[in-house]
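Listed below, chain by chain, are the residues.
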Amino acid sequence: MKSLFLKQLLLYLCILVLCFAGLAAALSQVIRSFFTQRRVDNLVDSGEKIAQALVNLQFGFGGMYNPRELTNQTIIMRQYLDANWFYTDTDFFILGTTETLRGERIPDGGGAMTPLLDGHVMVMRNGDLYGLLPGQAITVGYPVVLSGRTVAVVFVYGSMAELDQTVAGVYRMMLICFLAAGLAAMVMVYFSIGTVTRRLAQMNEAAKVISAGEFDKRIVVRGRDEVGQLAESFNNMAASLSEQEQIRRALISDVSHDLRSPLTSMRGFLTAITDGTLPAEQHARYIGIVLEESERLIKLSNDITDINALRGESPEIIISVTEFDINALVKKTLNIFEARATEKNLSIECRFASAADAVAADEEKIRRVLYNLIDNAVKFTGSGGKIILETTRADGKISVSVADDGPGILPEEQKRVFDRFFKADASRGEDKMGTGLGLSIVQAIIFAHGETVGCTSDAGRGCRFTFTLAPAPQKI
């Protein structure tokens, strides 16, 4: 997480550097252009005034300027513009100057000065005027026009040093602002990105703890931003894993118990038979018990295989939908329990919505659903009790219910009645051969059909299981 913090810090600083560099370049260009143009305007204005003064003095070829007349203008230029001037004849020989340039000639540079002779003002923004000036300067050439023709040229020039100092000052100010903003950015990044990375580090440590099998680790959720939502989702995941771990442990415990009990009985009886502890005349009886226990193990194995397949863990299991009479299937399945019902003196009643109720479903799997529900009803209904099988039509569905007047299921247990290996407390003493998977298989089959199944019960007053099926399409 430290590397993430450093990466974010460097990213912010790089963005800051790029922004300030671009801003500095743009501002320096704007400022340089502004001051350069302002200086050019001032120099042009000074050149115009000097040219006018020379004209007023009746300037002629070979004449000289009167320094006293131009003294004030020269003082103003030097004090306020840091500028000097000189003038030349039309061959660009210097005739008068405020410095030591008299007698020099400005090279025409291949006719570059010709516009001055045509009466145009020329501006040379950066240069030393062909080596005549001591350094880089802005130079303005202003023609002296007398009687409509150019008789001389005034050159006014100002050093670039002041402009360079101004731009350098801008750079210094930008550097100071950059350092201040960089320091502020580091503080903000430390408190913003640092907070995020610390929270991510907490989640990372919690993930390591959870990956080691300790599912009780939780993260304190601060804020409702994306990281806060991630922390909340992490806590939900940890809670789900903890719940799944509890279910897994309970499942292993239940399966181990259901496997250990019959295996222990089988081993005990077989040992007693082989070592001669049991007399020969009792062998058949105890071998029958061993067979019953082996059937119990086979049923447990089959139920586990079925529940995995029906919940989509085995993709070769397919629901094969056909049209059949659910009432006839109920009667056919009920015949299997006739002997057990007679033995317990149970009263079984069928109430059908009509003489024949055609549904569209997988007949064999619905038979399994009816078998499991009726088996539970017969198993938990006391001697002389009553079982009611009923079909009804409502909301475009056919509902099938199996009700008994047995001990019922407690409200807190009803929400778990379809869980794998779950056995209600009231059933634990009676369900010796049960695996706790029957109702889970029922739910898986009904859900595979896209239908619903539910349980209603009052403790001590029986229980009713109801599932829905799609009716067969009406034939025209």
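Just above, that's the structure.
This write-up is about the structure you can find in this document. Because the structure is a prediction, the values reported are computed rather than measured.

### Comments concerning the overall build of the protein chain
Then, in step 1: Counting its regular elements, the protein chain contains twelve helices and twelve strands.
Then, in step 2: Buried residues in the protein chain amount to 38% of all 476 residues.
Then, in step 3: In the protein chain, of all internal contacts separated by at least 6 residues, the share reaching a separation of at least 24 is 66%.
Then, in step 4: On the protein chain, roughly 26,700 Å² of surface is accessible, and the fraction owed to carbon and sulfur atoms is 57%.

### Comments concerning the side chain of D89
Then, in step 1: With respect to the secondary-structure elements, D89 resides in the loop between β1 (83-88) and β2 (94-97).
Then, in step 2: Comment: no salt bridge for buried D89; closest opposite-charge side chain is R105, at 6.7 Å.
Then, in step 3: For D89, the side chain forms a polar contact with the main-chain nitrogen of D91, separated by 2.9 Å.
Then, in step 4: A polar side-chain atom of D89 sits 2.9 Å from the main-chain amide nitrogen of F93.
Then, in step 5: Residues contacting D89, with those up to four places away along its chain left out, are L95, V151 and A152.

### Digging into the packing of aromatic side chains
Then, in step 1: On inspection of all chains with the given rule, the structure shows four aromatic pairs.
Then, in step 2: With centroids separated by 5.0 Å and ring planes inclined at 40°, the aromatic side chains of F337 and Y371 adopt a geometry described as tilted. On the criterion of sequence distance, the pair formed by F337 in the loop between α7 (326-335) and α8 (338-343) and Y371 in helix α9 (residues 363-380) is long-range, its members being 34 residues apart.
Then, in step 3: Judged by its relative accessible area of 29%, Y371 falls in the partly exposed class.
Then, in step 4: An aromatic cluster of at least three residues, connected via ring pairs, comprises F86, F155 and Y157.
Then, in step 5: Directly above the aromatic system of F93 lies the positively charged group of R105, at a separation of 5.4 Å from the ring centroid.

### Here's the deal with the sheet that holds strand β3 (residues 122-127)
Then, in step 1: Here we have five strands laid out as an open sheet, ordered β2-β1-β5-β4-β3, and antiparallel in their pairing. In the strand order of this sheet, the two ends are held by β2 and β3, each with one partner. Across the sheet, the mean angle from the axis of one strand to that of its neighbour is 25°, orientation sign disregarded.
Then, in step 2: Where β1 lies against strand β5 (residues 149-159), six bridges are found, and the strand directions are antiparallel. Residue A83 lies in a different strand from β5, and its bridge partner there is G158.

### A word on the nonpolar core
Then, in step 1: Judged by nonpolar contacts, the single largest core of 36 residues is most densely connected at I326, I366, L370, L373, F465 and F467.
Then, in step 2: Counting residues per element, this core draws most heavily on α9, which supplies seven residues.
Then, in step 3: Beyond its immediate stretch of four places on either side in the chain, F465 contacts L373, V400, S401, V402, I409, V417, F418, L439, G454 and C455.
Then, in step 4: In terms of nonpolar packing, the next biggest core, distinct from the first, is built from 21 residues, M77, V140, V151 and L163 among them.

### Focus: α7
Then, in step 1: Along α7, the positions that sit buried rather than exposed are I326, N327, L329, V330, T333 and L334. In a view along the axis of α7, the buried residues occupy a sector of 160°, so they form one face of it. Exposed positions of α7 whose direction lies more than 90 degrees from the buried face are K332 and N335.
Then, in step 2: For α7, the capping residue at the N-terminal end is D325, with a side-chain oxygen 3.0 Å from the backbone nitrogen of N327.

### Here we look at the packing of α7 against α9
Then, in step 1: The interhelical angle for the contact between α7 and α9, taken along N-to-C directions, is 50°, at an axis separation of 10 Å. Compared by their axis directions, α7 and α9 come out oblique. For the pair α7 and α9, the crossing hand works out as right-handed. Residues I326, L329, V330, T333 and L334 of α7 form the contact with α9, whose participating residues are E363, I366, R367, L370, Y371 and I374.

### Observations concerning the sheet that holds strand β7 (residues 347-351)
Then, in step 1: Within the open sheet, the five strands sit side by side as β7-β9-β10-β12-β11. Their pairing is mixed. The open sheet is flanked by β7 and β11 (453-457), the only strands paired with a single partner. Direction aside, neighbouring strands of the sheet carry axes that sit 15° apart on average.
Then, in step 2: Docked against the sheet, α9 engages β9 (386-394), β10 (397-404) and β12 (463-469), running at close to 170° with respect to β12.
Then, in step 3: Those strands touched by helix α12 (residues 438-448) are β11 and β12, and its axis lies near 135° from that of β11.

### Description of α12
Then, in step 1: In terms of burial, α12 is a largely internal element, eight of the eleven residues being buried.
Then, in step 2: Remark: G450 follows α12 within two positions and exhibits a positive phi of approximately 75°.

### Details of the environment of M124
Then, in step 1: Among the structural elements, M124 can be located in strand β3.
Then, in step 2: Distance from M124 to V40, taken between C-alpha atoms, is 9.2 Å for residues 84 residues apart in sequence.
Then, in step 3: Those residues in contact with M124 that sit more than four places away from it in its chain are M113, L129, A137, I138, T139 and F155.

### Describing the pattern of salt bridges
Then, in step 1: What the rule picks out here adds up to ten salt bridges.
Then, in step 2: Note that R340 is salt-bridged to D375, the shortest N-O span being 2.7 Å. With R340 in helix α8 and D375 in helix α9, the pair connects residues that are 35 residues apart, well separated along the chain.
Then, in step 3: Of the residues examined, R340 reaches a relative accessible area of 31% and is grouped as partly exposed.
Then, in step 4: By relative accessible area, which is 13% here, D375 ends up buried.

### Quick word on the environment of M113
Then, in step 1: As for its position among the elements, M113 is in the loop between β2 and α3 (114-117).
Then, in step 2: Along the sequence, M113 and T90 sit 23 residues apart, while their C-alpha atoms lie 9.8 Å from each other.

### Describing unusual backbone geometry
Then, in step 1: Backbone geometry at F92 places phi at a positive 65°, although glycine is not the residue there.
Then, in step 2: By the secondary structure assignment, F92 is in the loop between β1 and β2.
Then, in step 3: What makes F92 buried here is its relative accessible area of 3%.
Then, in step 4: You will see that D395, though not glycine, has its phi angle at about 55°, which is positive.

Cut-offs and rules
Residues numbered from 1 in each chain as written. Predicted model: local features only at pLDDT ≥ 70, side-chain atom pairs only at ≥ 80, totals over all residues. Heavy atoms only, no water. Helix = DSSP H or I, 4+ residues; strand = E, 2+ residues; numbered from the N terminus. Buried < 20%, exposed > 50% of the residue type's maximum accessible area, 1.4 Å probe, protein only. Contact = heavy atoms within 4.5 Å. Areas by Shrake-Rupley, 256 points an atom, 1.4 Å probe, with all protein chains shown as cover. Lys, Arg positive; Asp, Glu negative; His and termini not counted. Salt bridge = Lys/Arg side-chain N within 4 Å of Asp/Glu carboxyl O. Polar contact = N/O pair within 3.5 Å; in protein donor to acceptor, adjacent residues only side chain to side chain. Phe/Tyr/Trp six-rings, centres within 6.5 Å; stacked < 30°, edge-to-face > 60°. Lys NZ or Arg CZ within 6 Å of the ring centre and 35° of its normal. Pairing = 2+ DSSP bridges. Axes fitted to C-alpha atoms, helices over the stretch in contact; angles between N-to-C directions. Core = buried A, V, L, I, M, F, W, Y, C linked by side-chain atoms within 4.5 Å. Arc of directions from axis to C-beta. Parallel < 35°, antiparallel > 145°, perpendicular 65-115°, else oblique. Left-handed = near helix turned anticlockwise from the far one by under 90°.

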